[in-house]
There are 2 protein chains.
Amino acid sequence: MQAVALLGGPSEQWPENIEQIFRDAKIAGHLILASDRGTLFLKRWDILPDVAVGDFDSLKKDEKLILNDIPDVRYSQPIKNYTDSEQLFLTALADYHVDNLFIYGATGGRLDHFFVNIFTFLRPELCRFVNQVELVDKQNVFKFYSPGKYLIKYRSGYKYIGFGNLEKTIDFSILDARYELNNFSSEYPNFFSSNEFINHKDFEIKFKAGIILAIYSKDINRYR
Amino acid sequence: MQAVALLGGPSEQWPENIEQIFRDAKIAGHLILASDRGTLFLKRWDILPDVAVGDFDSLKKDEKLILNDIPDVRYSQPIKNYTDSEQLFLTALADYHVDNLFIYGATGGRLDHFFVNIFTFLRPELCRFVNQVELVDKQNVFKFYSPGKYLIKYRSGYKYIGFGNLEKTIDFSILDARYELNNFSSEYPNFFSSNEFINHKDFEIKFKAGIILAIYSKDINRYR
């Protein structure tokens, strides 16, 4: 099963076609999850999530009525071990066993939240699911990789791709991309930006330890 | 000497009063640095940077004239070992020996660039300067800490503060904040969001290894 999730990050960072993405997911019968105010945005588009996670403190009394209609509502714990986002990720991946989880609203705004949304995938509870997860905003796509060998696929519209080891890595190599890397090992995180696909051709990465983060990226007209 | 730098991140993420910040820095005689298009923004405000770093490929012919007036122009290398941002950080901290470097335009947009702007401070060339650096956008302030004991100061307007170990850490403690942490050790990065100051009171952190990132953060009205 596929799943899509809307977190609480600012709407300015969402992809332009976000409403269509969730509409298509609903029609296809994918699992739909939302955290806190994400629930209200989906409602505005007449989409009822299957799962909602949060304390919903920011919702007004009449806004909370929607929670009665959501099949699976999971309230945040007063003393939180997990943030709402982390609880949502675990619900989708560990409880619902979804094959892939596409996450929107994870970037921008409060960047302490953003950092949790990235680094939580190093935790033992979640790191076994990293290959199933994708974070998407209007300008970037984040993918995680566990040790192994992967074909990195060209994605239309994304000129750049950066790679980083989020923890200790061993023998990280990038082959047949614009900039190659050969058996790079490091005890601490590093990030290499602005790599490119040669003639839109897929290329290969491989490494023996750690989690690698790939960020597909593109320039957009961004100056006021 | 104090320094302020404007990088190439999107202007929507800059603090509201950015023009005033650079104007005040100029009047105070602080070192002003810019990377690539940051140079043009400063020019628009009639501020000439002391140092510009970049390939300036994105500048039109007449726009490049400003480079003649800048005392220290450092061109990117064709085969880059450093990104423009990294070259700028090194120039300010290692060449100009500035005491503090306040960095704007480091967040948002292409997040492969953003990740370089964070993780570069783990590199041996830059990690000895981490305590002198601050990254600022409209909603967040990033500060880095090397091993030791620090008073974390309340900043007006920032309700939240998150902490993370960007690499292996030993005995990381947070004392007298809303949520305490006691002798946390980890081989890989973790991030703890949404901590708070109790009654606006400063609190303490201490740790024995690694680099800790603090993100001061606030909610802003962010929904369309």
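For clarity, every value in this text was computed on a predicted model and none was experimentally measured. (Residues numbered from 1 in each chain as written. Chains lettered and ligands numbered in written order. Predicted model: local features only at pLDDT ≥ 70, side-chain atom pairs only at ≥ 80, totals over all residues. Heavy atoms only, no water.)

S.K.: Help me out: how do you make sense of the overall build of chain A in this one?
M.R.: Summing up its helical and strand segments, chain A has five helices and 14 strands in all. For chain A, the spread of C-alpha atoms along the three principal axes comes to 55 × 40 × 35 Å. Looking at chain A as a whole, 58% of its 224 residues are labelled buried. Looking at chain A alone, contacts between residues at least 24 apart form 63% of all its contacts between residues at least 6 apart. Carbon and sulfur atoms make up 48% of the accessible area of chain A, which totals about 9,700 Å². Taking the 27 positively charged and 30 negatively charged side chains of chain A as two groups, their mean positions are separated by 3 Å. (Helix = DSSP H or I, 4+ residues; strand = E, 2+ residues; numbered from the N terminus. Buried < 20%, exposed > 50% of the residue type's maximum accessible area, 1.4 Å probe, protein only. Contact = heavy atoms within 4.5 Å. Areas by Shrake-Rupley, 256 points an atom, 1.4 Å probe, with all protein chains shown as cover. Lys, Arg positive; Asp, Glu negative; His and termini not counted. Charge placed at Lys NZ, Arg CZ, Asp CG, Glu CD.)

S.K.: Got a minute to help me understand the interface of chain B and chain A in this structure?
M.R.: Bring the parts together and some accessible area is lost; that lost area is often taken as the interface size. Listed by partner, the interface residues are 46 residues for chain B and 46 residues for chain A. In total, about 4,100 Å² of surface goes out of reach between chain B and chain A, with carbon and sulfur atoms giving 59% of it. In this assembly, chain B and chain A are joined by two salt bridges. Across the pair D219 of chain B and R110 of chain A runs a salt bridge, and its minimum N-O distance is 3.8 Å. One can count ten residue pairs in polar contact (both at pLDDT 80 or more) joining chain B with chain A. Breaking the side of chain B that touches chain A down by element, the ones donating at least two residues are α2 (38–44), α4 (111–119), β7 (140–145), β9 (160–165), β12 (190–196) and β14 (212–217) of chain B. Ranked by the residues each element gives to the side of chain B that touches chain A, the list is headed by α4 of chain B, at eight residues. The residue inventory of the side of chain B that touches chain A, partitioned by class, reads 21 nonpolar, 13 polar and twelve charged. (Buried area = accessible area lost by both parts, 1.4 Å probe. Salt bridge = Lys/Arg side-chain N within 4 Å of Asp/Glu carboxyl O. Polar contact = N/O pair within 3.5 Å; in protein donor to acceptor, adjacent residues only side chain to side chain. Nonpolar A, V, L, I, M, F, W, Y, C, P; charged D, E, K, R; others polar.)

S.K.: Please clarify how the side chain of N140 of chain B should be interpreted in this entry.
M.R.: Of note, N140 of chain B is situated in strand β7. Within the structure, N140 of chain B has its side chain in polar contact with the backbone nitrogen of L111 of chain A (distance 3.0 Å). When residues no more than four places from it in sequence are discounted, the contact partners of N140 of chain B are G109, R110, L111 and D112 of chain A together with L135, Y158, I215, Y216 and S217 of chain B.

S.K.: Hey, could you run me through the sheet that holds strand β10 (residues 169–175) of chain A in this one?
M.R.: Pairing between the strands of a sheet comes from backbone hydrogen bonds, and it takes one of two forms, parallel or antiparallel. Residues and elements named next belong to chain A. With antiparallel pairing, four strands are arranged side by side in an open sheet as β8-β13-β10-β11. Either end of the sheet is taken by a strand with one partner, and the two such strands are β8 (148–152) and β11 (181–186). Between one strand axis and the next, the sheet turns through 15 degrees on average, direction left out of account. As defined by bridge partners, β8 adjoins strand β13 (residues 203–207) across five bridges and the pair is classed as antiparallel. Looking at the pairing, Y150 lines up with I205 of β13. (Pairing = 2+ DSSP bridges. Axes fitted to C-alpha atoms, helices over the stretch in contact; angles between N-to-C directions.)

S.K.: Quick question: what am I supposed to make of the UniProt feature "domain: Thiamin pyrophosphokinase thiamin-binding" (unreviewed entry) in chain A here?
M.R.: Mapped onto this structure's residue numbering, the UniProt feature "domain: Thiamin pyrophosphokinase thiamin-binding" (unreviewed entry) falls at residues 148–213 of chain A. Between the first and last C-alpha atoms of residues 148–213 of chain A the distance is 13 Å; the span itself is 0% helix and 58% strand. (UniProt positions renumbered as here; feature names shortened; annotations may be inferred.)

S.K.: Mind showing me how you'd approach the relation of the copies chain B and chain A here?
M.R.: One chain copy maps onto the other through a rotation about an axis and a shift parallel to that axis. Superposing chain B onto chain A takes a rotation of 180 degrees plus a shift of 0.0 Å along the axis, which leaves an RMSD of 0.0 Å. Classification of the inter-copy transformation places it as that of a two-fold axis. The overlap is high: 100% of the interface residues of chain B also sit at the interface in chain A, so the same surface is used on both sides. (Least-squares fit on C-alpha atoms with pLDDT ≥ 70 in both.)

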